[in-house]
Amino acid sequence: MENILFTGALALYLVSVALYFLFFALKKEKLGVAAGYVITAAFVVHTAAMAVRGVAAGRLPLTNQYEFATSFAWGIALCYLVFMKKYHFRALGTFVAPVIFLIIGYASMQSREINELMPALQSNWLAVHVSCAIVSYGSFGVAFGVSMVYLFRARMADNEFNQKNLPDAEKLDLISYRAISLGFLFLTLVMITGAIWAERAWGSYWSWDPKETWSLVTWIIYALYLHIRLSKGWKGKKAAAFAVIGFLCVIFTYIGVNTLLSGLHSYA
Amino acid sequence: MEEKKNRQKKRSLPGRLWSFLHSMKLAVVILIVLAVVCTFGSLVTQGQPESYYLNTYQEWLAKLILRLGFDRVFTCWWFVALAAFLCVNLLLCSISRFPQVLRRFQKEYNPENRAARRDADDTVAVSGALPEELWSRMGFKKKQTVSVDGREYTYAVRNRAGVWGAWLCHLGMLVIIIGFGLGQMLSLETSVYGVPGMTKEIPGTGCTLRIDDFDIALRDDETVEQYTAALTVADAASGREVSGTAQVNAPMDAFGMRLYQNSTGWACNVKIYKDDELQKEQILCAGETISPDDMPELVLVFTRFYPDYYYDRTVGPMTLSSALKNPYAIFALYYEGEVIAMDSIGVGYNIDVDAYRFVFEDPQQYTLIQILKDPTMHFVAFGGLLTLLALVLAFYVRTEELWMYADAGGRQILCMRSRKGAELMKDRLRTTLGKLGVKVDELTGDDAGHMADRSASDDAGHAAEEPVSDDAGHAAEEPASDDAGHAAEEPVSDDAGHGAEEPASDDAGHAAEEPVSDVSGHGAEEPASDDAGHAAEEPVSDVSGHAADASAHADGRGTDPMGQDSAEQ
């Protein structure tokens, strides 16, 4: 059942990517509306897949590479839907949907076997830690999409379609900032809850493990964004570029550290 | 501008040093360096012996890593110095900004200031009476009435605590870094291992640890569900004992120490016979050694243990399961430092060396208990909590003001302002008015003229008299993340522009000396969409004139990042 739902969600996300692309390329409003419905449907099916897995595992599905990857994609989809509704910014999907699809695609390549948890992973703090990471990474994913729009917007023709579907630069900067604020708050929570969990599981709240170190690097990147965005000449395009770099750090923290570096987080 | 440059030139060295040390510029540089260094620290395996780097990397690179301390980045002196520098920056920034934040918290939000400043983010006119319910629906519990220049204002403010957000965030980070640093110096970390029944001294604590029991709970598929060690800690000085259990994710506390179930391994009861008589027996954990009492030069090393031994031709010795089905020990025998034997032996079998016989018996699992005494842990936890709360304050507790007065025509003029959430509050105000069935009239030209008169005359004077409450000053005082919020959420307001342009050290004086250019900032930096609202408050001729002034002014300040930095940090 979970496999069917997961595959269904994957397919729907792919369809939404295609629709958003066509919406943007052909400048047809109807395609954008359809893409919105499809990505919402994908999110619902995706949620059902995670719920089914959670019931089968008897716990929150947040503990291994597959579970976190699928949750990561779910978090970005959730944040996207929230921001889309709040700011009526449909075109954002053109840049965010591919990110969701790539991450859930990565999840599809991981083992979906449900295993019993090792003692170190049997902690409520882990559930809080990963849940916060989903919101944080999801928000950064949205900020990445918004920043990409910002960076591309200047090169786009100032036609009626773009005027209607793309917020002005100030608004884009504001949406990106709000997404990063939310992500930054939750990233701080991720690090604090992770530290509490690590202290109880391994007797050290901070060990300079590569995952910890990269989460700190990501935190610093976004802290820098929040600071230098104020400086003259940094708000706008440069800040948007910084938000993109920040999300690349997020991706490396999640995937790169696990695959290229070794440490305590080898299971996640 | 020239005057400002001269003022800076005249600054004393300590003054310039003070500005530099608590500037945002310094903080940004330190953070960038920290990020780069941390990246290196995660890419280069840390804490290995010198030979590891020489074997892993090219010789020149290995030598560079070792020489620069990149093999131990996070304990290296320059990394500690970098962290200390950041602490100094955070501390000085917190000290320098405290009076400003306190002043803003105490003084800014009062009706006299607000009524006089006329810098509403949204202003609506209502023909009929405003329902009392509006205030509570908007979240304002208390309101006050004040008379300014013969006009009565009803004023309310909420979420004032939000002004502390960024300041507390910096303080929280400072607490975390200092706490972590002190923890590295003051904490005691050690470990004790053994099997049930053993009592061992906990080094450096004056306490002993008795392992009462050790249980490994297995699931049906033989995976481990939990490790549980029943422990008793005895304090030699007081004679008191504390008993409890330590599990993974559930450490035990005793005498200010925290005991963690860290890991486990196999131990055997090793017996030494001499001429068939039992001479000695000792529980030996894998990795430990034993010698006959009368021949210390003969040493048996218990290397490894396999509970379900199997020898694979390609993999070598391995265990097929964790159950004691075919227990084997791997050992090495040394005589006067020379290896004389190295082999595997089944439990219960004999290893004979001349008159001596070694036998491995009664395999059982030992527990390794990690012991930590870190007096700063709660301090760090407090810092984390403070940072978290501060971020909530900085990002989501938006100070909001609502005030109302009756104009000459008898209409109610309702004004709102929010430093960080103008758009949100504006939407909420309009929605609430709609729900209450209040018909909103936009301000007419007459109203705008009336307000503009006040702006032109009163505001300038007010700014000159009270530079602290001036917007330029606030923006300069605003911490980085705070400013970020304000600038981002109110991109059309003058604060955003000033926040980026106003030097901190001069803010008060500057505002006092140049009140007009400050007021004009509105016109200079607001895009067309919002101009409509504010332009109504300022005469057209004034706006255009000031816009030019402010642009030139802004350009000039853009070349002064240091002053700006210290303002925003």
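Residues numbered from 1 in each chain as written. Chains lettered and ligands numbered in written order. Predicted model: local features only at pLDDT ≥ 70, side-chain atom pairs only at ≥ 80, totals over all residues. Heavy atoms only, no water.

**With respect to the overall build of chain B**
The helix and strand tally for chain B stands at 20 helices and 22 strands. Residues classed as buried in chain B amount to 52% of the 569 residues present. Long-range pairs, those at least 24 residues apart, make up 64% of the contacts in chain B between residues at least 6 apart in sequence. As displayed, chain B has an accessible area near 25,500 Å², and 56% of this comes from carbon and sulfur atoms. (Helix = DSSP H or I, 4+ residues; strand = E, 2+ residues; numbered from the N terminus. Buried < 20%, exposed > 50% of the residue type's maximum accessible area, 1.4 Å probe, protein only. Contact = heavy atoms within 4.5 Å. Areas by Shrake-Rupley, 256 points an atom, 1.4 Å probe, with all protein chains shown as cover.)

**Details of the overall build of chain A**
From N to C terminus, chain A includes nine helices and zero strands. Secondary structure of chain A in N-to-C order comes out as α-α-α-α-α-α-α-α-α. Here chain A holds 268 residues, and 62% of them are scored as buried. A total of about 10,200 Å² of accessible surface is found on chain A, and carbon and sulfur atoms cover 69% of it.

**Topic: the interface of chain B and chain A**
Chain B puts 62 residues into the contact, and the matching count from chain A is 46 residues. The closest approach of N and O atoms between Glu199 of chain A and Arg258 of chain B, which form a salt bridge, is 3.0 Å. Inspection of the region where chain B meets chain A yields ten residue pairs in polar contact (both at pLDDT 80 or more). For the side of chain B that touches chain A, the residue count by class is 34 nonpolar, 15 polar and 13 charged. (Salt bridge = Lys/Arg side-chain N within 4 Å of Asp/Glu carboxyl O. Polar contact = N/O pair within 3.5 Å; in protein donor to acceptor, adjacent residues only side chain to side chain. Nonpolar A, V, L, I, M, F, W, Y, C, P; charged D, E, K, R; others polar.)

**Quick look at the packing of helix α8 (residues 210–228) of chain A against helix α9 (residues 237–260) of chain A**
Residues and elements named next belong to chain A. It is the contact of α8 with α9, at a shortest axis distance of 9 Å, that shows an interaxial angle of 175°. The orientation of α8 relative to α9 falls into the category roughly antiparallel. Residue-level contacts link Pro210, Lys211, Trp214, Ser215, Val217, Thr218, Ile221, Tyr222, Leu224, Tyr225 and Ile228 of α8 to Ala239, Phe242, Ala243, Gly246, Phe247, Cys249, Val250, Phe252, Thr253, Tyr254, Val257 and Asn258 of α9. (Axes fitted to C-alpha atoms, helices over the stretch in contact; angles between N-to-C directions. Parallel < 35°, antiparallel > 145°, perpendicular 65-115°, else oblique.)

**Focus: the environment of Gln144 of chain B**
Tracing the chain through its elements places Gln144 of chain B in strand β2 (residues 144–148). Under the relative-accessibility criterion, Gln144 of chain B is labelled partly exposed at 41%.

**Some details on the sheet that holds strand β7 (residues 224–235) of chain B**
All names here are of chain B. Reading across the sheet, the four strands line up as β5-β6-β7-β8 and stay open at both edges, with antiparallel pairing between neighbours. Since the sheet does not close on itself, it has two edges, and those belong to β5 (199–202) and β8 (241–247), each with one partner. If you compare each strand with its neighbour and ignore which way they point, the axes differ by 30° on average. The pairing of strand β6 (residues 207–218) with β7 spans eleven bridges and is antiparallel. Bridge pairing in β7 links Leu209 to Val233. (Pairing = 2+ DSSP bridges.)

**Some details on the nonpolar core**
With 137 residues, the main nonpolar core has Tyr13, Tyr80, Phe89 and Phe247 of chain A together with Phe79 of chain B as its most contacted residues. Per-element accounting of this core gives the leading share, 14 residues, to helix α5 (residues 124–153) of chain A. Discounting residues that sit within four places of it in the chain, Tyr13 of chain A has contacts with Ile39, Ala42, Phe43, His46, Ala77, Ile100, Phe101 and Ile104 of chain A. Formed by 19 residues, the second largest nonpolar core is a distinct cluster that contains Cys268, Phe302, Ala329 and Leu333 of chain B. (Core = buried A, V, L, I, M, F, W, Y, C linked by side-chain atoms within 4.5 Å.)

**What about the side chain of Ser96 of chain B?**
With respect to the secondary-structure elements, Ser96 of chain B resides in helix α6 (residues 77–108). Here the side chain of Ser96 of chain B touches Cys93 of chain B through a polar contact of 3.1 Å, landing on its backbone oxygen.

**Some points on the packing of helix α7 (residues 169–202) of chain A against α8 of chain A**
Residues and elements named next belong to chain A. Packing of α7 against α8 leaves a shortest axis separation of 10 Å and a crossing angle of 150°. On the basis of their axis angle, the class for α7 and α8 is roughly antiparallel. Both α7 and α8 take part in a crossing whose hand is left-handed. Between α7, through Asp173, Ser176, Tyr177, Ile180, Phe184, Leu187, Thr188, Met191 and Ala198, and α8, the contact on the second element is made entirely by Glu212, Ser215, Leu216, Thr218, Trp219, Tyr222, Ala223, Tyr225 and Leu226. (Left-handed = near helix turned anticlockwise from the far one by under 90°.)

**Comments concerning the pairing of β5 of chain B**
All names here are of chain B. Pairing between β5 and β6: four bridges, direction antiparallel. Within β6, the residue paired with Glu201 across the bridge is Thr208. Between β5 and β6, which pair antiparallel and follow one another directly, the connecting turn spans four residues, one of which, Gly204, has a positive phi of 80°.

**Structural notes on the pairing of β2 of chain B**
All names here are of chain B. Two strands pair when backbone bridges link them, and β2 and strand β3 (residues 151–158) are joined in this way by five bridges, in the antiparallel orientation. Bridge pairing in β3 links Gln144 to Tyr155. Linking β2 to β3, which pair antiparallel, is a turn of two residues; within it Asp149 sits at a positive phi near 50°.

**Quick look at the packing of aromatic side chains**
Aromatic rings in a pair are described by how distant their centres are and how their planes are angled relative to each other. Tallied over the entire structure, the rule returns 41 aromatic pairs over all chains. Ring plane angle 85° and centroid distance 6.0 Å describe the contact between Phe24 of chain A and Phe95 of chain A, whose orientation is recorded as edge-to-face. Here Phe24 of chain A, found in helix α1 (residues 2–26), pairs with Phe95 of chain A, found in helix α4 (residues 92–108); they are 71 residues apart in sequence, far enough to count as distant. By relative accessible area, which is 14% here, Phe24 of chain A ends up buried. A ring pair is formed by Tyr177 of chain A and Phe395 of chain B, whose centres lie 6.4 Å apart and whose planes are at 70°; its orientation type is edge-to-face. Residue Tyr177 of chain A is located in helix α7, and its partner Phe395 of chain B is located in helix α10 (residues 377–396); the two belong to separate chains. With relative accessibility at 2%, the residue Phe395 of chain B sits in the buried group. Over the ring of Phe24 of chain A we find Lys27 of chain A, and its NZ or CZ is 5.9 Å from the ring centre. Over the ring of Tyr193 of chain B we find Lys200 of chain B; its NZ or CZ atom is 4.2 Å from the centre of that ring. (Phe/Tyr/Trp six-rings, centres within 6.5 Å; stacked < 30°, edge-to-face > 60°. Lys NZ or Arg CZ within 6 Å of the ring centre and 35° of its normal.)

**Concerning the sheet that holds β3 of chain B**
Residues and elements named next belong to chain B. Within the open sheet, the six strands sit side by side as β2-β3-β20-β21-β1-β22. Their pairing is antiparallel. Both edges of this open sheet fall to β2 and β22 (440–441), since each of them pairs with a single strand only. Across two bridges, strand β1 (residues 122–126) lies against β22 in antiparallel orientation. By the bridge assignment, Ala125 is partnered in β22 with Asp441.

**Examining unusual backbone geometry**
With a phi close to 70°, Glu222 of chain B is a non-glycine residue in the positive phi region. Positionally, Glu222 of chain B belongs in the loop between β6 and β7.

**Observations regarding the pattern of salt bridges**
Residue and element names in this part refer to chain B. With the rule as written, the count across this model stands at 23 salt bridges over all chains. Linking Lys63 and Glu59 is a salt bridge whose minimum nitrogen-to-oxygen distance equals 2.9 Å. Here Lys63 pairs with Glu59, and both are found in helix α5 (residues 59–68), just four residues apart, close to one helical turn. On the basis of relative accessibility, which here comes to 51%, the residue Glu59 falls in the exposed class. Arg258 is the salt-bridge partner of Asp253, the closest N and O atoms lying 2.8 Å from each other. Residue class for Arg258 comes out buried when judged on its relative accessible area of 19%.

**Here's the deal with the environment of Gly256 of chain B**
Residues and elements named next belong to chain B. In this structure, Gly256 sits in the loop between β9 (252–254) and β10 (257–274). Look at Gly256 and you get exposed, because its relative accessible area is 61%. Distance from Gly256 to Asp374, taken between C-alpha atoms, is 8.3 Å for residues 118 residues apart in sequence.

**A short note on the confidence of the model for chain A**
Mean pLDDT over chain A works out to 87, with 96% of the residues at or above the 70 mark. Mean pLDDT across the elements of chain A ranges from a minimum in helix α6 (residues 160–165) of chain A, with 78, to a maximum in helix α2 (residues 29–57) of chain A, with 92. (pLDDT = per-residue confidence, 0-100.)

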